[in-house]
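Chain by chain, the residues run as shown.
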Amino acid sequence: GEISCALEEQLSFALRPAFKNYYELVTVSALDREERAQHTVVVTAADAGSPPLSSSHTFSVDISDVNDNAPVFNQTSYTMYVHENNAAALLVGAVKATDADAGPNGKVSYSVVPARAAEEEPCSCVSVQSESGGVFVLRPLDYEQLRQLEVVVSAADAGSPALSSSVSVRLLVVDENDNAPLVLHPGAQDGSPPSSELVPAGAAAGDLVSKVVAVDADSGQNSWLSYQLLRATEPGLFAVGAQSGEVRLRRPPSERDAAKQKLVVLVRDNGRPPLSATAALSVLLVPGSGDAPLPRQSPAAGDDDGSLTTSLIIALVFVSLLFLLSAAAFVACKVCKRKELSGGPVLYGPSSVQSYVADGAAAGTLPHAYCYEVSLTTGSGNSEFKFLKPVLPSLPAQHCSAGEGGDHAEEFPPVPMITGDAAFETPGMRSVGQLNGF
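These figures come from a predicted structure and were not determined experimentally.

(A) Expanded view of the side chain of Asn105. As for its placement among the helices and strands, Asn105 is situated in the loop between β9 (97-98) and β10 (109-113). Accessibility expressed as a relative area gives 14% for Asn105, which makes it buried. With residues near it in sequence (within four places) discarded, Asn105 still touches Asp65, Val66, Asn67, Asp99, Asp157, Gly159 and Ser160.

Put into C-alpha cells, the structure is as follows:
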C-alpha cells in the first residue's frame, strides 16, 4: 500500500511530500512567460508490490503575464525625407515598436516628446499617429528656412506601471527649385538704370568688359547657374562666359559699331524645370586712338588705381602750397628792402637844389660852364656829382647831356673857368629839371 510519485519532467517543477500520501507540486526555477507560456507536468504514482502497479496524471501549467518588458523599436533611429512646399498633414513614414508582454501589457501607443528639455513643447509641425506610429508633417516646410529637424517618438505600453522607450526621428527637407537666380551685378534692384561700361577704341579681342554676378538660394544642381547672351546691339561684338558670366570682346570695336551698346544676359539655373533671370548692361565705345587695352584683372585693381590717384592729388596740393609760401616770402623780402631804401639819408634834397637854381636864375647866367653828370647808386642811397671842367676856356658853348649827342642838350655861354666846387656857391644854377636832363 506504499505509494511513490515521480515527475517525467524535472526542469522547472518538483514534488514535495506534504502529509502521508499528499505531495505538493512546486517550481524549482524562475519561469518566463515570454520564453514558455505553458508547461505540461505528468505525475506518476506507483505502489511497492511486485509487480508494481502505477497510474499517471497530466497537469497543464499556464504562466500568467507580468508587465516586465518595455516596447522595443525595430530601428535604433529613423531618417525620413520630405520635399519642401509639401502638402499639409503629409505622411512621410512610420515608426514600429513591439512589446513581448501580452494583453494590455503589450499594447503600444506612440507620441512625440520634447527632444532636449522636459519643459519644451513637442515640435508643432510633426505629429505621430498613436496606434499605427505614422509620422505626419502638418504644414509646408521651406528648405531655405529649415533644412532638417529632429523629434523624439516615445512608445509606451498599457501596463501598470507602464513601461516605455523612445527613439530619435530625423526629418530631412529636400530642396525644390523654387527660387529664381538673383542678379547682384550689374545691380538695378531699385529701378535705377545700370551704369555704363567704357570700352576704349584700342581694345583688343578677349578684353574684359564687365561681369554678371548672380546667386541662387537653392542648393545642389538647382543652384548651378549658366550665362548666355540673350540680346545685343551688335551680337558679334561680345561674348559671355557660360560658367563665369564674364562679358568679353569677340573682336576689336570698329567705327561702324554704334557708340552705345545694350546687352541682355540670361542667367538660368539647372533645376527641373529651370528658372531664369536677366541682367541688362550698357556699354559705351569711347572714340579715339587709345591703344591701351582693357585691364584683364580683378575689380580689386580699380581700388589700387584709386589709391594711387588720391596720393598723387595730395602730393600736388602739397607742392602747390609750398610754392605759394615761397613766393609770398620772396615778395615780403622785396617790400622790406624797398622800405629800408626809402627811409635812408638823402644827400641832396630837392628843396636845396631848387633854392640854388632859383638864385642862379635871378642873377642871369651861370657863372661857370660846367657839365654835371649825376650818378645815383641804389645800394647806398648816396648821390655823386662829377664836375667836368672845360679844357680850353675860349671854346664855344658846349652841349652837355646825360647821354651822348642827345636832342635835349643845353647850350651855355662861355664864362671864365673856375675850379673847385664853387659852382654850388654861386647863384644862377640850373633848375632840377635841367640837371636831370644831364
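Picking up after the structure, the text goes on.
(B) Highlighting the packing of aromatic side chains. The full count for this structure, using the stated rule, is 3 aromatic pairs. Consider the rings of Phe73 and Tyr78, whose centres lie 6.4 Å apart with planes at 75°: the pair is edge-to-face. Of the two residues, Phe73 and Tyr78, neither departs from the other in class, the shared state being buried. What links up through ring pairs into an aromatic cluster is the set Phe73, Tyr78 and Tyr110.

(C) Region of interest: the sheet that holds β10. Pairing within the open sheet is mixed, and its 4 strands lie in the order β7-β14-β13-β10. Bordering the open sheet on either side are β7 (77-83) and β10, each of which pairs with just one other strand. Mean inter-strand twist for the sheet, computed between neighbouring axes without regard to direction, equals 30°. Bridging between strand β13 (residues 148-156) and strand β14 (residues 164-174) involves 9 bridges; their strand directions are antiparallel. Along β14, the bridge assignment pairs Val151 with Val169.

(D) Just the nonpolar core, in detail. Phe73, Met80, Val95, Tyr110, Val169 and Leu171 are the most contacted members of the largest nonpolar core, which totals 25 residues. Elements that contribute at least two residues to this core include exactly β7, β10, β11 (126-128), β12 (134-137), β13 and β14. Formed by 21 residues, the second largest nonpolar core is a distinct cluster that contains Val212, Ala277, Ala279 and Leu285.

(E) Spotlight on the pairing of β7. The side-chain alternation of β7 yields one buried face, formed by Tyr78, Met80 and Val82, and one unburied face, formed by Ser77, Thr79, Tyr81 and His83. Bridge analysis of β7 against β14 gives 7 bridges, and the strand direction is parallel. Residue pairing for β14: His83 is matched across the bridge by Val174.

(F) Examining the UniProt feature "transmembrane region" (unreviewed entry) in the protein more closely. This chain's UniProt record puts "transmembrane region" (unreviewed entry) on residues 312-333. Taken end to end, residues 312-333 is 100% helix and 0% strand, and its two terminal C-alpha atoms sit 32 Å from one another.

(G) Region of interest: the sheet that holds strand β19 (residues 225-232). Reading across the sheet, the 4 strands line up as β16-β23-β22-β19 and stay open at both edges, with mixed pairing between neighbours. The sheet is open, and its two edges are formed by β16 (196-200) and β19, each paired on a single side. For this sheet, the mean angle separating the axes of adjacent strands, direction not counted, is 35°. The pairing of β19 with strand β22 (residues 260-269) spans 7 bridges and is antiparallel. Bridge pairing links Ser226 to Arg268 in β22.

(H) Unusual backbone geometry, seen in detail. Following Ser50, the chain continues to Pro51 via a peptide bond in cis, the omega torsion being -5°. Going from His185 to Pro186, the amide bond is cis rather than trans, its omega being 0°. Positionally, Pro186 belongs in the loop between β15 (182-185) and β16. In the Ramachandran plot, Asn85 falls in the positive-phi region, its phi being about 60° despite a non-glycine side chain. You can see Asn85 is positioned in the loop between β7 and β8 (90-94). Even without being a glycine, Ala89 presents a positive backbone phi close to 55°. Mapped onto the fold, Ala89 is located in the loop between β7 and β8.

(I) Focus on the confidence of the model for the protein. Chain-level pLDDT for the protein is 77 on average; 67% of the residues reach the 70-or-more range. Here residues 289-302 scores under 50 on pLDDT; set against residues more than four positions off or in separate chains, the count is 19 contacts. Across residues 346-438, where pLDDT falls below 50, the model places 109 contacts with residues more than four positions away in sequence or in other chains.

(J) A look at a nonpolar patch on the surface. On the surface, a nonpolar cluster with roughly 530 Å² of combined accessible area is contributed by Ile313, Val317, Leu321, Phe323 and Leu324. Residue position: Ile313 is located in helix α1 (residues 300-342).

(K) Region of the structure containing the state of the cysteines. Counted by the stated rule, this structure contains 0 disulfides. Note on Cys333: no disulfide assigned, nearest cysteine sulfur contributed by Cys336 at a separation of 6.5 Å. For Cys333, a relative accessible area of 49% corresponds to the partly exposed category.

Cut-off values and rules
- Residues numbered from 1 in each chain as written.
- Predicted model: local features only at pLDDT ≥ 70, side-chain atom pairs only at ≥ 80, totals over all residues.
- Heavy atoms only, no water.
- Helix = DSSP H or I, 4+ residues; strand = E, 2+ residues; numbered from the N terminus.
- Buried < 20%, exposed > 50% of the residue type's maximum accessible area, 1.4 Å probe, protein only.
- Contact = heavy atoms within 4.5 Å.
- Phe/Tyr/Trp six-rings, centres within 6.5 Å; stacked < 30°, edge-to-face > 60°.
- Pairing = 2+ DSSP bridges.
- Axes fitted to C-alpha atoms, helices over the stretch in contact; angles between N-to-C directions.
- Core = buried A, V, L, I, M, F, W, Y, C linked by side-chain atoms within 4.5 Å.
- UniProt positions renumbered as here; feature names shortened; annotations may be inferred.
- pLDDT = per-residue confidence, 0-100.
- Patch = residues over 30% accessible without salt bridge, like charges linked within 9 Å, V, L, I, M, F, W, Y side chains within 5 Å.
- Areas by Shrake-Rupley, 256 points an atom, 1.4 Å probe, with all protein chains shown as cover.
- Salt bridge = Lys/Arg side-chain N within 4 Å of Asp/Glu carboxyl O.
- Disulfide = S-S within 2.5 Å.

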